[in-house]
Amino acid sequence: VSEQVLGQVLRELRPLCASEQRFLQEFFQLGCNSVELQEVKVSTVASAGPLSSPAHPWQEGTAQLLSEIFSCLEPELRAFLDICNKVQPLGCLQVLVTLSDSMFGPWGSSSAAPSSFLRTLLGNVLLLAKSSVNKCIGTLCKEVEEAKAPSRMRGGVLPCVSRFQEFVAFSEEVFRTSRRRGELDKAQLRLASSVFSSINSLSSANLRVNTDMVMMENFHHIHNFLCQKNIPCLEGKKREAKQRSREHMEKFVSTYLGQPLEGLSHFFEGVKARLAQGVKEEEVSFQLAYSKQELRKVIEKYPGKEVRRALETLYRKIHKHLSPEENLLPVVWQAMEREFIQQYREFEGLIQRCYAGSGIALDFTMEDLLSYFNSITVSN
């Protein structure tokens, strides 16, 4: 409503100021070739606010007279802007658009364009509107950066991400018909940076789930949202969100990867450590902790049935913690399958290299492993 009132006021001011300016120039003969009237003395120019110095004396005389006649105009417009900001925190965006359109928008005729006096006055008020937008965004960014994750959060979209979405959606609607997006682009980029910073600073202390999982979901959510909006100034943030989501998914998968085969993972990590220390492959099995007998003991703990049961438990755990809104379970489970197969191949390779000719092998094959993942996916 406030922007409609402001728009109406500006539309009515245009012809009023233009006609008054023409009258003064004609009545006092303030033309380009006339002598400036020395009798015109205006003592209240300062109270009407600073105005840009016109290029010609005749323009200066006109501006002084108009400043005297409309001395209350700029203070009233400034007061109205203050009211708009108090009524609606983001109302400053609409005010900015309305003022910009009034100054720079297309007009059907030259008489519809703002007079030189009104253009100068609106320029002063426009600077105030830009300052209000900057202040509003600064406050919003501070709130986002200082916000803490909800106590004992289980996952899902963070409040700061929701605030970012709401701001972008609202601001895009406000600027939908505006050709001047400079201030909006800066505001959106500034807020996006604050949101990314807030997500990066998440502490596992306040989360009941894996921190990487929450980061993965929220960056994924931002990427999807920006794909839908297709905002040029946020293309870089969209790519960054996609990359960060991928990185945290990899970390999340790595965290849970060793759980189904924890004993085997621990054993072969030790084997790789010995190789890194310079122990020859054919001598690893002579290390007491990594002998053939110790390897057989570890393998016996992981028959095919136990591996499948462990994978089912892992699937339920991931399903429980991932929010259904993001629908990332299939993606994460496929990534888990790829990493698990890679891990299996690594185990087999180490057995063939370090325990060659021993006849030792894992209790399950690659085909078994693929069937485990397939059946879990189908049954769920």
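The rules behind these values
Residues numbered from 1 in each chain as written. Predicted model: local features only at pLDDT ≥ 70, side-chain atom pairs only at ≥ 80, totals over all residues. Heavy atoms only, no water. Helix = DSSP H or I, 4+ residues; strand = E, 2+ residues; numbered from the N terminus. Buried < 20%, exposed > 50% of the residue type's maximum accessible area, 1.4 Å probe, protein only. Contact = heavy atoms within 4.5 Å. Areas by Shrake-Rupley, 256 points an atom, 1.4 Å probe, with all protein chains shown as cover. pLDDT = per-residue confidence, 0-100. Expected span 1.5 Å × (residues − 1). Core = buried A, V, L, I, M, F, W, Y, C linked by side-chain atoms within 4.5 Å. Salt bridge = Lys/Arg side-chain N within 4 Å of Asp/Glu carboxyl O. Axes fitted to C-alpha atoms, helices over the stretch in contact; angles between N-to-C directions. Parallel < 35°, antiparallel > 145°, perpendicular 65-115°, else oblique. Left-handed = near helix turned anticlockwise from the far one by under 90°. Nonpolar A, V, L, I, M, F, W, Y, C, P; charged D, E, K, R; others polar. Phe/Tyr/Trp six-rings, centres within 6.5 Å; stacked < 30°, edge-to-face > 60°. Arc of directions from axis to C-beta. Polar contact = N/O pair within 3.5 Å; in protein donor to acceptor, adjacent residues only side chain to side chain.

Draft legend 1. Summary view of the overall build of the chain. On a plain count of helices and strands, the chain comes out with 14 helices and 0 strands. Expressed as a percentage of its 380 residues, the buried residues of the chain come to 44%. Here the analysis covers contacts within the chain between residues at least 6 apart in sequence; of these, 76% occur between residues at least 24 apart. With the model as given, the accessible surface of the chain reaches about 20,600 Å², and the carbon-plus-sulfur share is 51%.

Draft legend 2. How the structure looks around the confidence of the model for the chain. Mean pLDDT for the chain: 82, with 83% of residues reaching 70 or above. The secondary structure element of the chain with the lowest average pLDDT is helix α2 (residues 57–69), at 65, and the one with the highest is helix α11 (residues 292–300), at 94. Predicted confidence for residues 32–58 stays below pLDDT 50, and this span has 34 contacts to residues more than four positions away or in other chains.

Draft legend 3. Expanded view of helix α9 (residues 235–257). With 23 residues, α9 ought to run about 33 Å at 1.5 Å a step, and its terminal C-alpha atoms sit 33 Å apart, in line with that. Of all the residues in α9, the buried ones are K237, K238, A241, R244, S245, H248, M249, F252, V253, Y256 and L257. For α9, the elements touching its buried residues are α7 (182–200), α8 (211–229), α12 (304–321) and α13 (329–354).

Draft legend 4. Structural view of the nonpolar core. Of all hydrophobic cores here, the largest spans 107 residues; its most connected members are L99, F164 and L369. Of the residues forming this core, the biggest block, 13 residues, is contributed by helix α5 (residues 116–146). Apart from residues lying up to four places away in sequence, L369 is in contact with V307, L311, F340, I341, Y344 and F364.

Draft legend 5. Highlighting the pattern of salt bridges. Going through the model one piece at a time under the given rule, you end up with 15 salt bridges. A salt bridge links K186 to E183, with the shortest nitrogen-to-oxygen separation between them at 3.3 Å. Of this pair, K186 and E183 both sit in helix α7, separated by 3 residues, roughly a single helical turn. When the shortest N-O distance is used, the salt bridge between R308 and E312 registers 3.3 Å. Of this pair, R308 and E312 both sit in helix α12, 4 residues apart, roughly one helical turn.

Draft legend 6. The packing of α5 against helix α6 (residues 159–174), seen in detail. The interhelical angle for the contact between α5 and α6, taken along N-to-C directions, is 155 degrees, at an axis separation of 10 Å. Here α6 runs roughly antiparallel to α5, going by the angle between their axes. Read as a crossing pair, α5 and α6 show a hand that is left-handed. Note on element contacts: α6 touches α5 through C160, R163 and F167, opposite I137, L140, E143 and V144. Looking at the contact of α5 with α6, its residues break down into 5 nonpolar, no polar and 2 charged.

Draft legend 7. View of the packing of aromatic side chains. Applying the stated criterion across every chain, the model contains 10 aromatic pairs. With 5.0 Å between their ring centres and 45 degrees between their planes, W333 and F373 make a pair best called tilted. Remark: F373 occurs in helix α14 (residues 366–379) and W333 occurs in helix α13; sequence separation between them is 40 residues. Of the two residues, W333 and F373, both sit in the buried class.

Draft legend 8. Broad picture of α6. In this model α6 runs 23 Å from its N-terminal to its C-terminal C-alpha over 16 residues, within 8% of the 22 Å that 1.5 Å per residue would give. Those residues of α6 that sit buried are C160, V161, F164, F167, V168, S171, E172 and V174. Down the axis of α6, the buried side of the element spans an arc of 155 degrees, and every buried residue falls inside it. For α6, the secondary structure elements touched by its buried residues are α4 (91–104), α5, α7 and α8.

Draft legend 9. Structural context of the environment of S245. If you trace the backbone, S245 turns up in helix α9. In this structure, the C-alpha to C-alpha distance between S245 and H220, residues 25 residues apart in sequence, is 5.4 Å. Of note is the side chain of S245, whose polar atom sits 3.2 Å from the backbone oxygen of M216.

Draft legend 10. Region of interest: the packing of helix α3 (residues 73–87) against α5. Orientation of α3 relative to α5, taken along the N-to-C sense of each, is 20 degrees, at an axis distance of 10 Å. As far as their axial angle goes, α5 and α3 are roughly parallel. Like other packed secondary-structure pairs, α3 and α5 cross with a definite hand, here right-handed. Facing α3, whose interface residues are L73, E74, L77, R78, L81 and N85, α5 presents L121, L122, N124, V125, L128, A129 and S132. In the contact of α3 with α5, the residues fall into 8 nonpolar, 3 polar and 2 charged.

Draft legend 11. Molecular detail of unusual backbone geometry. With a phi close to 55 degrees, N230 is a non-glycine residue in the positive phi region. Its place among the elements puts N230 in the loop between α8 and α9. You will see that N327, though not glycine, has its phi angle at about 55 degrees, which is positive. Tracing the chain through its elements places N327 in the loop between α12 and α13. Residue N327 is classed as exposed on the basis of its relative accessible area of 53%.

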